[in-house]
Amino acid sequence: MTDSPSSSSGLEVLLSTLQNAGDVESTLNILSVLDELLSAGTDRRIYYMISKGGSEALLTALVNTARCFSPNYTILLPLLHLLAKVGHRDRRIGMKAEDAGAVVLTLNLLKQNLKNAKRAAACLWVIQVFASSVSTANLIGENCGLDVIYRLIPHYTTKNLHTIKAAINAFAAVLCTKANVCLVVSKGYISGLLRLYEDWHCKDTHHVAIAIRHALLRCLHKVTYSTAGREAFFSLGGLRLIYQTTQTCLMNKALSCLVEPSVQLMRKCLPKTRLPLTSDLSAYSFPIPGRPRSDLHVNIAFGDSCGDSDEEEPEKNQETENNNFDEDLEIDLNKLRHRPEPDRPKEALAQYNVFCPELYHDFQAQQQFALEALLLPHYNTWYSQWYVIPELDLGSETEKSSAASSSDEEDELCYSSSPHGSQIHGTDPFQGKYSKGAAQSDSRDFHIRSTVLGTSPSFRTTPKDSRGDNFLHQNGHGHNDEEETGDESCHQTIIDRLLERNASCIPHHDPKLYRSAASKTKSIPDFNILGFPDFWGHLPPQGHETMAPRKPNVQRQKVLEDVQRFLNKDDIINKVIFDVNDSSLQCPSDSTESLKFFSKFECGNLRKAVQVRRYEYDLILNADVNSCQNSQWFYFEVSNMEPGVPYRFNIINCEKTNSQFNYGMQPVLYSVREALEGRPHWVRTGTEICYYRNHFCPVRGSKTANFYTLTFSVTFKHSEDVCYLAYHYPYSYSALKAHLKVLQKSVDPAKVFFRQQTLCGSLAENSCPLVTITACPASRGWKDLHQLRNRTYIVLTGRVHPGESNASWVMKGTLEFLCSNDPVAQSLRETFVFKIIPILNPDGVINGTNRCNLNSEDLNRQWSKPDPVLSPTIYHTKGFLYYLNSIGRTPLVYCDYHGHSRKKNVFLYGCSVKETLWQSAVDTVGVKEDPGYRTIPKTLDRIAPAFSFNSCNYLVEKSRSATARVVVWREIGVLRSYTMESTYNGCDQGIYKGLQLGTKELQEMGLKFCHSLLSVSKDVKTLYSRRLINHIDLDHNTLDHTSNDCYEDDEPPCVEEIEYFKDCPTLKGADLDSDVNNNMECSDEDDECEEEHQRNSFSPSHQNSMKTRLYHLISQTSIGTE
Ligand SMILES: [Zn+2]
């Protein structure tokens, strides 16, 4: 659009003529020409006119005309119409109208014309438009505007419908402020509005006034914006009324547009209900060193804004975050370039030298060592228990917890090498090992067992030791000793037989090693039960799992069911059937009427289960330890189900404002029975999934705090089954420990240098493993040792956020690949030394927290000044990085593995000075930067199907200045410092488009990340590149894969609203225009068409010639160009 002074002169002349009140005829002609011009094109013409002072000109003309003792409606009416159209698109129209003195004046015009439908409608549209600004709306309210307008809304009639609609819309518009809502509530108008809605609903049998009913719903939405409004709505029977009218609307297609606003209105007005808990505080608490227990509550005021998302960034208030996005960017070049002094003295770094055993190791013993390992005896006897955790022998295996203790676990590990060791990797499970017949007979035996003891407890309880220190007895589960003992031995036989047959079926998994590892894991509740899936192992199912299609109107259906809880209480049970704090509820009587729940095992998170209806349960998640927040992760056991019946589960205290569960993501399910029949799979499950804001609020504190419901339905396949449901594929801390042992045993110690050491202990004194992987030197010759000691370092970390189990599966893929015989892996080992800390937050993972450590802090916000006591894993990881830095081995690449709950695909966040400055439009001339940070993401985009380059960014935000990525980049000086975010859901691009990611794809991502490291290694390029790149290409047909554009941030809107913040039925510009246009035509209504009469007194030919001249004048303007 051109904008030169000469080209705009035509329009400006017109506007100035309009303001200076020429004769009636020319004013009318100008208005007519403007209206035609503005109606013909798109809204751009109107915006152009606004930019040229069009609103002000129309307001001045309005004021000049209306101020007369006897206003000329021949001019006034088209003027008001035009003002409504233009003003509707002018965000500042309210202020402009106030400045021009047009607000009260228009209100007075309305008061003078209450009986003239057409004039009243014109005034109402203009008032509606003016009310877009808060102060203007308040001004209208203060001048009794709401009362005047309210009186224009009659009971059912067939006359003057467009005026009535204009009145209701204006009423709704003026209600955009708190003050006006209070006014209306205090005057009791809610009752009136409800009666009006009921009246119109009942009498408008031919559905000619749907727009009126829609507009009334909008008013009800507005008045229930306040707590008092919602309470009045509920106490006046609004819920029942709207529920009943909605039932009619659901049956009639013509009324379908009324359903959604009705449903949202009801959802909003459900009475706020406190969670059925005694405290918001986590069921698990942990004494923090140096802090008295009573101080616990200081930190945890509900609703404070400590890190609360599972991503790197806080996201509680997405809108605020987006609005402040640019402000959050670090745009001070000096600060971006500034490298702070180390947070500790150089002497403190010496302790970390033990974590570089590859630099000091004498490889002489390597061959000998390997030989010994083969000759050593097999497993210790594993007693005769299966998956109850054995008693801890504290005397022999106390984990060391101080930094640099470097309890080199290799010795201990090698002594427990498995008889199945050779079968562990690369086996094809169940092929020819486990016949169908055997599976059936085993599961039949098993089910007989579970009938005798009741399902779930029998599954997991056997004596902790031979003294009969029995879980069942502790909980008063009524079985006599003899029966117990007899059953146990029988049970063990079955389990032993099953284990015997299945022991090596799952690659890199060994149930016995798992149980051994779990016995050393320290949990706050002192778990003595293993989650069956973690113990038994998971094998990804064949094929891919597509994203779940969202059933139309699923949210509507769920909300209507929720509403019925308040209207029809007959089928409501409301019985607590599980409470993690109440052991009497953990083994309920063998009622067939309800499911059984359990969550007291590693990573488990379910605090309470309430049976709402026969097949519906409200589930409450446990907040993070020592906190009352961050519930999102869940993992629990369920049993005593009826097969073939859909059960509805509602997780009612989720905290995020939106979720991938609205966009095709499903929770995961593991069936013990399926596992015993040879299908040990976590599978995506659930139908009728949706995520929406509910009516619950915290036990204490503000009732305005909100929770969200994740609802899904599961139809169980088997009776006599025990199933596990989780937010995402669980990966426990004990699983890592067992996995590392399996890996250690899988590598050829003559070729692969694999060391697991303890970096430090966590707050609860669980060890934080640090793994070193590199290649052993080809010989002990100087050249080979020199090459080894000059390799480049790569540091990888993960799972700082415990709820992000996807990060662990990606890490599993990385670890397995790096230990494999793959030639690429071999080259990578020969080129790099990998330092990997797979779980930065062991305590969080173990205790089933979602975001924080035991001190209720987000560990990924502690990197700037980590506290050695409170955040030991971060303190020592950073210390180790400083150490590498101090010996001249600053890592080439650092990557922290995370999971992202709001986006699809896998992507990286990096750090770039230039891109951060560009983003804020800061001049970057003269800023030099190595563009190498882009190499890895670019390579991944080509080779990794799940990866999306377009989702990556490299911005340095102030709010993330204490994250691993930014601190390692800024303070350690690692150019390629990344956060890798993996979706919980699936991909919307590439060859995985439309699919959910499973553990196979997540592990593949970990492998691809390793592949991408080839792109940053000059050594590899020169020495091996051809062979290796060929290898990659042949293996994976994804070289051509490049991601398409994907949504920059959140998802496109759902069909249904997730939030109800906005006015539910939004008013569109085109609707208003068409109403206004109808009003301009001579109406069929009974008021005198005086204006038309006057206008017609000008001869049409005269008008036309005048118009032609005006068109000529205005044609110089470019407002016609689109
Ligand atoms: Zn994270």
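See the structure printed just above.
What counts as what
- Residues numbered from 1 in each chain as written.
- Predicted model: local features only at pLDDT ≥ 70, side-chain atom pairs only at ≥ 80, totals over all residues.
- Heavy atoms only, no water.
- Helix = DSSP H or I, 4+ residues; strand = E, 2+ residues; numbered from the N terminus.
- Polar contact = N/O pair within 3.5 Å; in protein donor to acceptor, adjacent residues only side chain to side chain.
- Buried < 20%, exposed > 50% of the residue type's maximum accessible area, 1.4 Å probe, protein only.
- Pairing = 2+ DSSP bridges.
- Axes fitted to C-alpha atoms, helices over the stretch in contact; angles between N-to-C directions.
- Contact = heavy atoms within 4.5 Å.
- Core = buried A, V, L, I, M, F, W, Y, C linked by side-chain atoms within 4.5 Å.
- Parallel < 35°, antiparallel > 145°, perpendicular 65-115°, else oblique.
- Left-handed = near helix turned anticlockwise from the far one by under 90°.
- Expected span 1.5 Å × (residues − 1).
- Lys, Arg positive; Asp, Glu negative; His and termini not counted.
- Salt bridge = Lys/Arg side-chain N within 4 Å of Asp/Glu carboxyl O.

(A) Quick peek at the environment of Gln 757. Among the structural elements, Gln 757 can be located in strand β15 (residues 752–761). Distance from Gln 757 to Leu 770, taken between C-alpha atoms, is 5.2 Å for residues 13 residues apart in sequence. A distance of 2.8 Å separates a polar atom in the side chain of Gln 757 from the backbone oxygen of Val 354.

(B) Quick look at the pairing of strand β8 (residues 646–654). Judged by how many residues are buried, β8 sits mostly within the fold: eight of nine residues are covered. Of the pairings in the sheet, the one linking strand β6 (residues 616–620) to β8 comprises four bridges and is parallel in character. Looking at the pairing, Glu 616 lines up with Arg 648 of β8. Pairing between β8 and strand β13 (residues 708–715): seven bridges, direction antiparallel. Paired with Pro 646 across the two strands is Thr 715, which belongs to β13.

(C) View of the pairing of strand β11 (residues 687–693). In terms of burial, β11 is a largely internal element, five of the seven residues being buried. Two strands pair when backbone bridges link them, and β11 and β13 are joined in this way by five bridges, in the antiparallel orientation. Each bridged residue has a counterpart across the sheet, and for Arg 693 the counterpart in β13 is Tyr 708.

(D) Highlighting the sheet that holds β11. Read across the open sheet, the six strands follow the order β3-β5-β6-β8-β13-β11; overall the sheet is mixed. Each having just a single partner strand, β3 (575–579) and β11 make up the two edges of the open sheet. Ignoring which end each strand starts from, the neighbouring axes of this sheet average 20° apart. Each of β5 (608–613), β6, β8, β11 and β13 touches helix α31 (residues 554–567); the most contacted strand, β11, lies at about 70° to it.

(E) Summary view of the nonpolar core. Formed by 128 residues in total, the largest nonpolar core has its most connected members in Phe 597, Phe 649, Ile 773, Leu 828, Phe 1009 and Leu 1013. Excluding its chain neighbours within four sequence positions, the residues that come into contact with Phe 1009 are Leu 796, Val 893, Cys 895, Tyr 897, Ile 936, Leu 940 and Met 980. Trp 125, Ile 164, Ala 166 and Phe 233 belong to the second-largest nonpolar core, a separate cluster that totals 113 residues.

(F) How the structure looks around the sheet that holds strand β21 (residues 976–983). As summarised here, the arrangement of the seven strands in space is β15-β16-β18-β17-β19-β21-β20, forming an open sheet in which the pairing is mixed. In this open sheet, the two edge strands, each paired with only one partner strand, are β15 and β20 (906–909). Along the sheet, successive strands turn relative to each other by an average axial angle of 20°, direction set aside. As paired strands, strand β17 (residues 792–798) and strand β18 (residues 832–837) are joined by six bridges and run parallel to one another. Looking across to β18, one finds that Thr 792 is bridged to Phe 832.

(G) Region of interest: the packing of helix α16 (residues 238–251) against helix α17 (residues 259–269). Running from amino to carboxyl end, α16 crosses α17 at an angle of 155°, the nearest separation of the two axes being 10 Å. The angle between α16 and α17 falls in the class roughly antiparallel. Once α16 is placed against α17, the crossing between them reads as left-handed. Across from Leu 239, Ile 242, Tyr 243, Thr 246, Cys 249 and Leu 250 in α16, the residues of α17 making contact are Val 259, Ser 262, Val 263, Leu 265 and Met 266.

(H) Inspection of helix α13 (residues 189–203) at higher detail. In this model, α13 (15 residues) spans 21 Å end to end at C-alpha, consistent with the 21 Å of a helix rising 1.5 Å per residue. If you check which residues of α13 are buried, you get Tyr 189, Ile 190, Gly 192, Leu 193, Leu 194, Leu 196, Tyr 197, Asp 199, Trp 200 and His 201.

(I) Structural detail: the environment of Glu 327. Along the polypeptide, Glu 327 turns up in helix α19 (residues 325–328). Taking the C-alpha atoms as reference points, Glu 327 and Ser 920, 593 residues apart in sequence, are found 8.6 Å from one another.

(J) Just the environment of Leu 621, in detail. The residue Leu 621 is located in the loop between β6 and β7 (635–639) in this model. Looking at Leu 621, the relative accessible area reads 1%, which means it is buried. Sequence-wise, Leu 621 and Leu 606 are 15 residues apart; in three dimensions their C-alpha atoms are separated by 4.7 Å. Residues within four places of Leu 621 in sequence aside, it is in contact with Asn 605, Leu 606, Arg 607, Ser 631, Gln 632, Trp 633, Phe 634, Ile 651 and Asn 653.

(K) Spotlight on the side chain of Glu 1001. Structurally, the position occupied by Glu 1001 is in helix α42 (residues 999–1012). Of the side chains bearing the opposite charge, Lys 1000 lies closest to the buried Glu 1001, which forms no salt bridge; the N-O distance is 4.6 Å. One polar contact links Glu 1001 to His 544, side chain to side chain, over a distance of 3.0 Å. If near-sequence neighbours (up to four positions away) are discounted, Glu 1001 is found in contact with His 544, Tyr 992 and Gln 996.

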